[in-house]
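Structural overview
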Amino acid sequence: FEAWDNEGAGTIAESNEDIASPRTWAKTEPKLVELAAASKKEGAAPFGVFLHLFEPHSRWIGHAEYDFGKGDSPRERHINNYDSEIAYVDAYVGKVIDKLQELGIYDDTVVILTSDHGEAFQDHGKFFHGTNLYDEVIKVPLLIRVPGWKHRRVKGPVSLIDVPSTFLDLMGMSVPQDFEGESLVTAMLGKAPVPDRPIFSELLPYTNWKEHHKVVIHGNLKYIRVLTAGTQELYDLSKDPGEQKDLSRDEGSKEDLKKMRAKLDAWMSGG
């Protein structure tokens, strides 16, 4: 990036109570005006903007203009406030789209919308994120809008590390060899399925949570290993998307377990 503006960001504790999108948008809007004007000059290079809208992270705060109710339990209250946060941020995404259209550059702009993690609502006994790697936490939205392309939903597991490679490919730029992700452009165009390879995720120990988890997903299978506890789990996501039936001790899943263990071991050893 040529410029980075993180002014106004607080500590983790401060950010939990913060409503940052209005301040972020107040800085973003004039920057889009500036960049759009510059991009229309003869010989101008394209520009890129990374915008982080923070609200749904935590603590979940209900917004009066997006009221989903109080809920009859802590779980329902958290879900309703989380939905309110998402709706609130979605309105700011709408402001970005509206501004791009107003500036006359929307039809020349690639828009990528994604997130770093989801949230747990006692699906596996816990709230929030950062304590496990079940799909409610690691399965995130990825929407890529390319001007002139037909919309389609691409099925199959991909990774956030694929986003930079995809973006560079869309821009007609070469992808550095040390990038671990793969371009999803051919899959987005419907010319090929998503790349057939294992997808990995990791939860590292940190100050308030000392556990170390690793995950590999390949096809319909998902293997979880908790290194700090010495435990493992295996799920078939096609039959059990909620990850409620651990197959790691099932006699009929021995070969699948062995195969997925090997994939994770190879990744951990750098293979």
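To be clear, the structure that these remarks concern was listed above.
Residues numbered from 1 in each chain as written. Predicted model: local features only at pLDDT ≥ 70, side-chain atom pairs only at ≥ 80, totals over all residues. Heavy atoms only, no water.

Here helix H2 (residues 21–39) is 19 residues long and its end C-alpha atoms lie 25 Å apart, about the 27 Å a rise of 1.5 Å per residue gives. Turning to H2, its buried residues number three or more, namely Ser21, Thr24, Trp25, Thr28, Leu32 and Ala36. Across the axial projection of H2, the buried residues extend over an arc of 85 degrees, all falling on one side. Lining the buried residues of H2 we find helix H3 (74–102). (Helix = DSSP H or I, 4+ residues; strand = E, 2+ residues; numbered from the N terminus. Expected span 1.5 Å × (residues − 1). Buried < 20%, exposed > 50% of the residue type's maximum accessible area, 1.4 Å probe, protein only. Arc of directions from axis to C-beta. Contact = heavy atoms within 4.5 Å.)

Before going further, it helps to examine H3. Because each turn of an α-helix spans 3.6 residues, side chains separated by three or four positions end up pointing in the same direction. A rise of 1.5 Å per residue sets the reference length of H3, with its 29 residues, at 42 Å; its end C-alpha atoms lie 42 Å apart and thus fit the reference within 8%. Just downstream of H3 lies glycine 104, where phi reads positive at about 75 degrees.

This next bit is on the side chain of lysine 222. Secondary-structure assignment places lysine 222 in strand S7 (residues 221–226). Given a relative accessible area of 0%, lysine 222 falls into the buried group. Separated by 2.8 Å, the side chains of lysine 222 and aspartate 135 make a polar contact. At 2.7 Å, the side chain of lysine 222 and the side chain of glutamate 243 are in polar contact. (Polar contact = N/O pair within 3.5 Å; in protein donor to acceptor, adjacent residues only side chain to side chain.)

A complete count under the given rule lists 11 aromatic pairs for this structure. Between the aromatic rings of tryptophan 60 and phenylalanine 121, the centroid separation amounts to 4.9 Å while the plane-to-plane angle is 35 degrees, which identifies the pairing as tilted. One end of the pair, tryptophan 60, is in the loop between H2 and H3; the other, phenylalanine 121, is in strand S2 (residues 120–121), with 61 residues separating them in the sequence. When the centroid spacing of 5.3 Å and the interplanar angle of 50 degrees are considered together, the rings of tyrosine 82 and phenylalanine 121 count as tilted. (Phe/Tyr/Trp six-rings, centres within 6.5 Å; stacked < 30°, edge-to-face > 60°.)

Attention shifts here to the pairing of strand S6 (residues 213–218). Looking along a regular strand, one sees side chains alternate from face to face of the sheet. Taken across its 6 residues, S6 has 6 buried, putting it largely inside the fold. Across 5 bridges, strand S5 (residues 199–203) lies against S6 in antiparallel orientation. If you follow phenylalanine 200 over to S6, its bridge partner there is valine 216. As defined by bridge partners, S6 adjoins S7 across 6 bridges and the pair is classed as antiparallel. Across the sheet, histidine 213 pairs through a bridge with valine 226, a residue of S7. (Pairing = 2+ DSSP bridges.)

With the rule as written, the count across this model stands at 16 salt bridges. Residue glutamate 17 is joined to arginine 59 by a salt bridge in which the shortest nitrogen-to-oxygen separation is 2.9 Å. Separated by 42 residues along the polypeptide, glutamate 17 in the loop between helix H1 (12–16) and H2 and arginine 59 in the loop between H2 and H3 bring together distant segments of the chain. Given a relative accessible area of 47%, glutamate 17 falls into the partly exposed group. We note a salt bridge from glutamate 29 to lysine 99, for which the minimum N-O separation is 3.1 Å. Within this pair, whereas glutamate 29 is found in helix H2, its partner lysine 99 is found in helix H3, the two being separated by 70 residues in sequence. Given the relative accessible area of 28%, glutamate 29 is considered partly exposed. Looking at lysine 99, the relative accessible area reads 9%, which means it is buried. It is possible to trace a salt-bridge network through shared partners that takes in Glu29, Lys99 and Glu102. (Salt bridge = Lys/Arg side-chain N within 4 Å of Asp/Glu carboxyl O.)

Next up on the list: the environment of aspartate 116. Counting through the fold element by element, aspartate 116 comes out in the loop between strand S1 (111–114) and S2. With a relative accessible area of 58%, aspartate 116 lands in the exposed category. As a C-alpha pair, aspartate 116 and lysine 139 span 23 residues in sequence and 9.1 Å in three-dimensional space. Dropping the residues within four chain positions of it, aspartate 116 is found in contact with Val140 and Leu160.

Now for unusual backbone geometry. Of note in this structure, glutamine 122 is not a glycine but carries a positive phi near 65 degrees. Positive phi outside glycine occurs at phenylalanine 128, with the angle close to 70 degrees. Residue placement: phenylalanine 128 occurs in strand S3 (residues 127–128).

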